[in-house]
Amino acid sequence: MFSTPVIAAIAWAVILGGAGGLLTEIGAWYKNLRKPSWQPPDWLFGPAWTIILGLAAWAAVLAWNGTQTQADRAIVIALYGANFAFHLLWSPLFFKFKRPDWALVEVVFLWASVFAMCIWLRPYSVLASWLIVPYLVWVSFAAMLNAKIVQLNRPFGRA
């Protein structure tokens, strides 16, 4: 019923969304951080990521279906693999290690991986490229929020 690319894309989105949720601890440490007035409410992050990762999974299937060669498919796999790693790394840095400053450095790589998806998926599917734009916008916003939290709360890593 489902093709291998569809199953892989769904697995990519579900694993990232699930891991992100499991690695995000909204405990006392997080609640006590000073945050900017423009931060969205905590409940919004789950639905936002669900939509964004769902669109990115759809983009993966469209791009995969637009590939012509093994080399093209390797590019799509590499893009999603790199993004998976960078996406997965952010939450533990911020929440588990309580290091928004390290997460701010890492978010540059996450943003670059999303931007690369926007650019490199375009030859395979213009729609796929556009479906990644909400991800890019959200990560850009998250990076600004991360930067503001670092500015308002530093230094980190001191006992």
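Source: prediction; values computed, not measured. (Residues numbered from 1 in each chain as written. Predicted model: local features only at pLDDT ≥ 70, side-chain atom pairs only at ≥ 80, totals over all residues. Heavy atoms only, no water.)

Participant: Looking at this structure, I do not really get unusual backbone geometry. What am I missing?
Facilitator: Backbone phi values are negative for most residues with the exception of glycine, while trans is the configuration of most peptide bonds. Omega for the peptide link from Arg154 to Pro155 comes to 5°, which places this bond in the cis form. With a phi angle near 55°, Lys98 is a residue other than glycine that sits in the positive phi range. As for its placement among the helices and strands, Lys98 is situated in the loop between helix H4 (70–96) and helix H5 (100–120). (Helix = DSSP H or I, 4+ residues; strand = E, 2+ residues; numbered from the N terminus.)

Participant: What is the right way to read helix H7 (residues 133–153) from this model?
Facilitator: Residue pairs three or four apart in sequence face the same way in an α-helix, which turns once every 3.6 residues. The end-to-end C-alpha distance of H7, which contains 21 residues, comes to 30 Å, matching closely the 30 Å that a straight helix rising 1.5 Å per residue would cover. Residues of H7 that are buried include every one of Tyr135, Leu136, Trp138, Val139, Ala143, Leu145, Asn146, Ile149, Val150 and Asn153, and no others. Those residues of H7 that are buried lie in contact with helix H1 (4–22), helix H3 (45–66), H4 and H5. (Expected span 1.5 Å × (residues − 1). Buried < 20%, exposed > 50% of the residue type's maximum accessible area, 1.4 Å probe, protein only. Contact = heavy atoms within 4.5 Å.)

Participant: Would you explain the environment of Met117 in this entry?
Facilitator: Summarising the element assignment, Met117 is placed in helix H5. On the accessibility criterion, Met117 (0% relative accessible area) is buried. What Met117 contacts, discounting residues up to four positions off in sequence, is Leu79, Tyr80, Asn83 and Ile132.

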